[in-house]
Each structure stands twice: as C-alpha cells, then as structure tokens.
Amino acid sequence: MANSEYEYVKREFEFDRCLSPSNWIVVRIDGCHFHRFSKIHAFEKPNDENALRLMNACATAVLEKFPDIVFAYGVSDEYSFIFREETEFYHRRESKILSLCVSYFTSVYVMKWKDFFPNKELKEPPYFDARAVCYPNLKTIRDYLAWRQVDCHINNQYNTCFWMLVKSGKSEQEAQLALKGTFAKDKNELLAQQFQINYDDEPPMFRKGSSVYREKVETTVKIDDYGEPIKRPRLQVTVAHVDIIGPEFWENHQHILREGKILHWFVKKSVINHIFSPCNWIVVRINGCQFDQFSTIHSFDKPNDETALRLMNESASLMMEQYPDIVFAYGFSNEYSFVFHEKSELYQRQESLILSSCSSYFTSLYMMKWKEFSPHKELMQTPRFEAEALCYPKLKIVCEYLSWRQAECHAGNQYNTCFWMLVNSGKSEKEAHEILKGTLSKDKNELLFQQFQMNYNNELAIFRKGSCIYRQKVEELAGAEDGDNDTTRERWHVKVDHVDLGPGFWRKHPWIMTSCSR
C-alpha cells in the first residue's frame, strides 16, 4: 500500500460486513431486466429449455468452483446457492461472497452461451443482481428451498396458461383478465379443456425447477492387471428436477444437508436489506480475482498490457452508460472504482443489489468485448471480479479516496516497472524482490535511469496515472430542418483521461460531481 496522506479513507471508512457465524448462507442470484433480454434473444414462451439448461450449466460450474456450496436450486432466471453453516469462505465477508458468486456465474453464462445457442448472437450483456441471507438452522434452509419451489410451480402454471391463451389468439390483456382470480385447479381445468394439456405431463424442469448437488457415483479410477476396472465412489455434481418440498428427497440424500423432519413455512421475512445512508456518496470498487493467474494464462505483457487496460476502460465506460447515477470512475491494473452521486436512488440504495449488479454487468462487458481487443487470443479461463461497496458522507472524502487509489497506482506501477526490468535483464524474481526491498520512490527512479536509461516520468500516463472516466459536454453540428443552416447541439459524452486527480483537476471540471444524470 502506498504510504500517503490519503490512506485514512480506508482506515476510517472501509469495514467488512461479515455474515453471522454458525448460520447457513444463501446467495440468491436473479437476472436483471431478463424480460427484455429474453425478448431480444427470442426465448421460447413460457419456457425456453436451452436457456434453462444454460442456467443449470452455470450453477454446476459454480458448485465445482466453490466447494463450500452444498446445494443450489434454480428456476427461470434465478438461482439460489446454499453455503454450509460452518463455511469460512472469504472469512464470511458479505461483499466478497456476493460479488464473486454473481461475477463467476455471469462469466460462465457468457462463456457457455454458444454451447446452448450456437445460432444466436449474444446481442447485449446479460447480468444479474444478488443478495445474501443468513438462516440459523437446517429447518429454515429446507423451508427456504420449499418456498422457492412453490413459487416455481405457481409461476410456471400461470405462465403456461397465459402463453397458451396468447398463442390461441387472445391479447396479453385478455389473457391476464381470463386468469384473474383463478386457483390452481382452475388453471389445470383450463389447460385440459381448452388445450388438451395435462399440466402434470409437462417437463419436470419446468414444473419443479432444477436442483444441483453432489452425488456419490461409482467412477473407474484405473484398470487392474487383469483388465478389470477398479471403481471408487466419488462426489460428482449432478442436476435433477425433483420434489424438494417433501421429506423423501432429503431422506435419500442425507449427505447434502442433514437428516431431520421439516415442515414448510414461509421464510421470506428472513431477508434483511442493508440500505446506504441517504445523502452519502456510494463507491463500488471492483477488483479482478486471481488476475495474476489470469494474466499469465493469457500472456499479458509485463509490467503493463496496454490492450488489457483499454479493455478495462471500455468496460468501465459502458458501465457509465448503463448506470447514469455513476458520475466518475477511476481504474488501474485490474481494479475500477465507480462513484455514485450522493442523491442516487438506484435499487433504493440497497447495498447487495448495487454491488452485485455492478460486478455482474462489468464481468459481462469484459467478456463480450474481449474479442474486440484481443482478436487473436482465445479466452481460456472465465474472468471474475470481486467487489465492495463503500459509503462516504462528504465530497472531499470521495476526492481523497480517488487520490489514494491514484497514489496506489503510482506506487504499484513504479515497483512493477523496476521488478520486470530487472527480471527481463536476467535476474530471478526472488533476486528482483530482494533488490527492491525497502527502496523509496526516488531509489526506484534512480535504478531505472542508471541501469536501464529509462526516465520513469516518460512512461505512458495510462500506466503511471491510471484512467479516469467522466462525462464531458461536447458540441455537435446538426442540420437544420429546412436544410439551410447547420446548428449546434450539446451532448454529454463519456471521456477517458489519464491525469492527476489533485485539486486542479476538480477546479477545471466542477460539473462532474454536481449532477447525477444527463
């Protein structure tokens, strides 16, 4: 960490909210604007089997990635992930658990899109929000899952009736009126009498949703000297479409949770939303997870890969277009901070929804823009980003937070420049670390100049200063309606800059922090 006067913004304002110990943790992911997304991509109604199987593939990948998740249940564009009660995943830090789960899920969704929709182009980035809820015992976990499966049945039965009526010629309004006030038996009769459909014969994935868990299976581990297979029981992630409300499934799969007789109760009241204080600035800081490994796999240039940085900038710029309440963004390396205006009412200022949707949307943008910036590099591994949301009461503190991140950028980049110059000159990484141990900024500048004839201040500003993104007012020529004279009109364009974020910058750009939308 850079030793600077601005570090108090971390010490005094950044606190990790940890989820209660000895509680089961549920992370529920839900698609953002998926009504529009499904319409744009022509999903079949009332259920698109390929879309559901894509969701299941993402959930399977999440269970394979995070061993502390013991069960998942999904329906439509929603998935719930159950973490065992004794988990210490990221020390139970809520922001880390939320953002990593939703970011990885989004990443897999984009990566696997072509596997399930080979003839459909992904026209806009999919993204998800999420919330984390703690439940104190096994009973409430079972009740939670029962609640979600009941919702699956109710919604799917209604949607099946609704879309059959629409496809038969009724308008959507007429279909809604026809179903208003009906009970389950009424809907079953409607399907049977008007469309000769027995609802119970519909695919169980539609009616019961999808359960994802680890199942013991016999796996061949090797062949013995006589050519006979030697098998061992192994846990393998599987997807099933079964009843999880009654006791039978749990009695047959006691290894997933625990044995116990459970009654069904409504548990929505357990959800607690943390709301950011009004009239406070919100900062969402996104940071690449295990990006050292990711950059090595994809052969990023060291100490800086300009293409990778410009991909981060493009993703951040598009974030600002999606979220008008973001007034400023600052990024370097694999990190980006997004500043929301103090008057923002995005998601009614619910922390979990702001944090999760931002990390998910950024991940989706990063993946969709990959080919544009690296056309000759295949994406070999799903990128994922963790995030944390911060709250600052004064604009002065927000500006000093940004100065702190820029000080971190300078210190980190100066060190990495020296380190990789030493390594490229023949030193081992251990030797390079030893040489730089305890050096100050001026020592590093001297090392670069004396050993490599490099003036650090001549390095690209994007490396030394990072990237700041804000809206800039520009004038555009617009033809007059009569065609005689051109007129000018004002537009707000997102601009990427690489400058010092000292008081001089803010004096020259007073409008940046004064309005939350254009």
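Residues numbered from 1 in each chain as written. Predicted model: local features only at pLDDT ≥ 70, side-chain atom pairs only at ≥ 80, totals over all residues. Heavy atoms only, no water.

## Details of the nonpolar core
Counting residues in each nonpolar core, the largest one holds 79 residues, and the members touching the most others are Val-27, Phe-81, Phe-105, Tyr-109 and Phe-338. For this core, the element with the highest residue contribution is helix 4 (residues 94-116), accounting for eleven residues. Two domains each donate at least three residues to this core, and these are domain 1 (18-211 + 259-271) and domain 2 (281-409 + 466-478 + 491-509). Every residue in contact with Phe-338, bar those within four places of it in the chain, is listed here: Ile-282, Val-283, Val-284, Ile-286, Ala-316, Met-319, Ile-326, Phe-328, Ala-329 and Phe-362. Among the nonpolar cores identified, the runner-up in size contains 25 residues, and Val-283, Phe-332, Val-339 and Leu-402 belong to it. (Core = buried A, V, L, I, M, F, W, Y, C linked by side-chain atoms within 4.5 Å. Buried < 20%, exposed > 50% of the residue type's maximum accessible area, 1.4 Å probe, protein only. Helix = DSSP H or I, 4+ residues; strand = E, 2+ residues; numbered from the N terminus. Domains from an automatic or database assignment. Contact = heavy atoms within 4.5 Å.)

## Notes on the UniProt feature "domain: tRNAHis guanylyltransferase catalytic" (unreviewed entry) in the protein
In the numbering used here, UniProt assigns the feature "domain: tRNAHis guanylyltransferase catalytic" (unreviewed entry) to residues 6-136 and 272-393. Span residues 6-136 is 40% helix and 22% strand, its end C-alpha atoms 40 Å apart. (UniProt positions renumbered as here; feature names shortened; annotations may be inferred.)

## Observations regarding the environment of Ala-316
Checked against the element boundaries, Ala-316 lands in helix 11 (residues 306-322). By relative accessible area, which is 0% here, Ala-316 ends up buried. In this structure, the C-alpha to C-alpha distance between Ala-316 and Glu-446, residues 130 residues apart in sequence, is 35 Å. In contact with Ala-316, not counting residues within four places along its chain, are Tyr-336, Phe-338, Phe-362 and Ile-469.

## Details of the environment of Ala-329
Assignment of secondary structure puts Ala-329 in strand 8 (residues 326-332). Expressed as a C-alpha distance, the spacing of Ala-329 and Gly-246, which sit 83 residues apart in the sequence, is 49 Å. Contacts of Ala-329, omitting those with residues within four sequence positions, involve Met-320, Tyr-336, Ser-337, Phe-338, Ser-467, Cys-468 and Ile-469.

## Considering the packing of aromatic side chains
This structure, assessed with the given rule, holds 54 aromatic pairs. An angle of 85° between the planes, with centres 6.1 Å apart, marks the rings of Tyr-323 and Tyr-361 as edge-to-face. Within this pair, whereas Tyr-323 is found in the loop between helix 11 and strand 8, its partner Tyr-361 is found in helix 12 (residues 351-368), the two being separated by 38 residues in sequence. On the accessibility criterion, Tyr-323 (4% relative accessible area) is buried. Summarising the aromatic geometry, the rings of Phe-328 and Phe-505 are spaced 6.1 Å apart at their centres and angled 65° between planes, so their arrangement reads as edge-to-face. Of the two residues, Phe-328 sits in strand 8 while Phe-505 sits in helix 18 (residues 503-508), which places them 177 residues apart along the sequence. Grouping residues by exposure puts Phe-328 and Phe-505 together as buried. (Phe/Tyr/Trp six-rings, centres within 6.5 Å; stacked < 30°, edge-to-face > 60°.)

## Comments concerning helix 14 (residues 395-424)
Here helix 14 contains 30 residues, and its C-alpha end-to-end distance of 43 Å stays within 8% of the 44 Å for a straight helix at 1.5 Å per residue. Most of helix 14 is tucked away: 21 of the 30 residues are buried. Remark: Gly-426 follows helix 14 within two positions and exhibits a positive phi of approximately 120°. (Expected span 1.5 Å × (residues − 1).)

## Considerations on the side chain of Ser-103
Mapped onto the fold, Ser-103 is located in helix 4. Accessibility expressed as a relative area gives 0% for Ser-103, which makes it buried. Once you skip the residues sitting within four places of it in the chain, Ser-103 turns out to touch Ser-359, Thr-363, Pro-383, Arg-384 and Phe-385.

## Details of the pairing of strand 3 (residues 78-83)
Of all six residues in strand 3, six are buried; the element is thus mostly enclosed. Along strand 3, one buried face is formed by Glu-78, Ser-80 and Ile-82 and the opposite face, lined by Tyr-79, Phe-81 and Phe-83, is buried too. Judged from the six bridges that link them, strand 1 (residues 24-31) and strand 3 form a sheet pairing that is antiparallel. Looking at the pairing, Ile-25 lines up with Phe-83 of strand 3. (Pairing = 2+ DSSP bridges.)

## Remarks on the pattern of salt bridges
Under the counting rule described, the total for this entry stands at 19 salt bridges. For the salt bridge of Arg-84 with Asp-68, the shortest nitrogen-to-oxygen distance reads 3.2 Å. Here Arg-84 is found in the loop between strand 3 and helix 4, whereas its partner Asp-68 is found in the loop between helix 3 (49-65) and strand 2 (69-75), with 16 residues between them in sequence. With relative accessibility at 27%, the residue Arg-84 sits in the partly exposed group. Residue Asp-68 is classed as buried on the basis of its relative accessible area of 14%. One salt bridge in this structure joins Glu-314 and Lys-369, with 3.8 Å as the shortest N-O distance. One end of the pair, Glu-314, is in helix 11; the other, Lys-369, is in the loop between helix 12 and helix 13 (370-373), and 55 residues separate them in sequence. Salt bridges linked by common partners bring Arg-17, Glu-94 and Glu-351 together as one network. (Salt bridge = Lys/Arg side-chain N within 4 Å of Asp/Glu carboxyl O.)

## Structural notes on the packing of helix 5 (residues 138-167) against helix 7 (residues 184-195)
Where helix 5 meets helix 7, the axes come as close as 10 Å, and the angle between the chain directions of the two elements is 35°. Crossing of helix 5 against helix 7: the hand is left-handed. On helix 7, the residues that touch Gln-157, Tyr-158, Thr-160, Cys-161, Met-164 and Leu-165 of helix 5 are Ala-184, Lys-187, Asn-188, Leu-190, Leu-191, Gln-194 and Phe-195. Its residues assigned to classes, the contact of helix 5 with helix 7 shows eight nonpolar, four polar and one charged. (Axes fitted to C-alpha atoms, helices over the stretch in contact; angles between N-to-C directions. Left-handed = near helix turned anticlockwise from the far one by under 90°. Nonpolar A, V, L, I, M, F, W, Y, C, P; charged D, E, K, R; others polar.)

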